[in-house]
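# Commentary on secondary and tertiary structure
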Amino acid sequence: MLEMLRAKVALMKKNNQMKNDYLDDYRLYKRWNYKNPETKTQCSREARILRQTHVIEKGMSLSAPRKGFGLEKINDLFRFLDDYITLGFPTDSIPFQNAICVITKYIEFQKNNFNFVNEELNRKIEKYLKYVPEIFESGIKHASLSEMQKSINGQFPEFFMSRHSIRQFSDKTVAYDDIKKSVQLAMKAPTACNRQACRVYYYSDNRTNAELGKLIAGNTGFENEVKNYLVVTSDLSAFYDSFERNQIYIEAGLFAMALVQALHYNGIASCILQNGETPEKNTQFKQICDNIPENEKIALFIAIGYYKDEFNYAVSKRKNINDVLISK
Ligand SMILES: Cc1cc2nc3c(=O)[nH]c(=O)nc-3n(C[C@H](O)[C@H](O)[C@H](O)COP(=O)(O)O)c2cc1C
């Protein structure tokens, strides 16, 4: 009896601790997310610029880009650049300079593909060119399946660097065996105490994939090209105590990284798609899938398809190594 009571009190304490830890997460995120006007870190301003720049490079990387797309987004991007300058952050940073390079590439892209010229945009970009000593590789890159295959068989750095998020796919459905081989490799991803909480759901029927495609938020502009989505979940019931509360996302992240590499190795192009969705939308996702239990959280989706013979992808330029690796 006394033992039971002790166990009950211990559980109550643990649950209370969990509530406080989640509240602490909430407070930290509320304080530091970049929509909070109080947040004025260099990282927040660069993230806003990178995200907006990515919208432009992504638009150019689609199979059917639109004439003059994204002009409003570019105007927002100019505002973000001005704000970055006003706050006095270094203008030799890659995210800042990359934005300028991508806008320049966009101007060229629109002229070459659609003979579309926007004088106002040409005038506006002039003001920023002084910050970029030289326009570097940015925006989109053209690639071919044969080049890609060479890199896949190359040394690790070449293989690793040749994986990109791809938003153009061939119209062939991905064979189950190719997915299976890839998941088998991805299962080598490290997991907390080897608990292996992730699962991958694959649906061979067109209806489920089409319905997922309609509900997923990040596939705009290439939704019609995706034949298959993988759903990566993590099982909450593999973890205990408050300190493990984020483990499902850490594991799913590592697993997904291994998986996209493994898919690439097996000749399958992919694009991770976020699932930062509301509980209501997650219920809808689960209704569509119809076989994901309540104890599993959908961490993310992966759009997959075979590479086309020729395609474009977004460069997604990385930051400078010295801004990422900090040594003391
Ligand atoms: C957690 C996560 C969520 C992502 N969500 C989306 C998305 O919703 N739509 C999309 O087109 N790309 C998405 N991506 C792909 C990123 O845009 C891409 O990884 C990034 O620009 C770097 O480019 P790379 O993968 O080609 O190196 C996501 C990537 C991650 C890791």
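Up top is the structure these notes are about.
Residues numbered from 1 in each chain as written. Predicted model: local features only at pLDDT ≥ 70, side-chain atom pairs only at ≥ 80, totals over all residues. Heavy atoms only, no water.

## A word on the nonpolar core
Of all hydrophobic cores here, the largest spans 29 residues; its most connected members are L212, F222, V231, L273, F301 and A303. Mapped by element, the contributors of at least two residues to this core are helix 6 (145–152), helix 9 (206–215), strand 3 (228–235), strand 4 (268–274), helix 11 (279–289), strand 5 (296–306) and strand 6 (310–314). When residues no more than four places from it in sequence are discounted, the contact partners of L212 are Y203, Y229, V231, F285, I288, C289 and F301. By size, the runner-up hydrophobic cluster in this structure holds 26 residues, among which are F69, I100, L121 and F136. (Core = buried A, V, L, I, M, F, W, Y, C linked by side-chain atoms within 4.5 Å. Buried < 20%, exposed > 50% of the residue type's maximum accessible area, 1.4 Å probe, protein only. Helix = DSSP H or I, 4+ residues; strand = E, 2+ residues; numbered from the N terminus. Contact = heavy atoms within 4.5 Å.)

## With respect to the packing of aromatic side chains
Counted under the stated rule, the structure contains twelve aromatic pairs. Measuring from centroid to centroid gives 5.5 Å for Y84 and F89, while their planes differ by 50°, and the two rings are tilted. The residues Y84 and F89 share a single accessibility class, namely buried. Measuring from centroid to centroid gives 6.4 Å for F109 and F114, while their planes differ by 70°, and the two rings are edge-to-face. Accessibility expressed as a relative area gives 25% for F114, which makes it partly exposed. Aromatic ring contacts, followed pair by pair, group Y84, F89, F96 and Y131 into a single cluster. Over the ring of Y22 we find R245; its NZ or CZ atom is 5.9 Å from the centre of that ring. (Phe/Tyr/Trp six-rings, centres within 6.5 Å; stacked < 30°, edge-to-face > 60°. Lys NZ or Arg CZ within 6 Å of the ring centre and 35° of its normal.)

## Quick look at the environment of N282
By the element assignment, N282 lies in helix 11. For N282, a relative accessible area of 19% corresponds to the buried category. Taking the C-alpha atoms as reference points, N282 and I152, 130 residues apart in sequence, are found 35 Å from one another. Among all residues touching N282, those that are not within four sequence positions of it are N275, E277 and I298.

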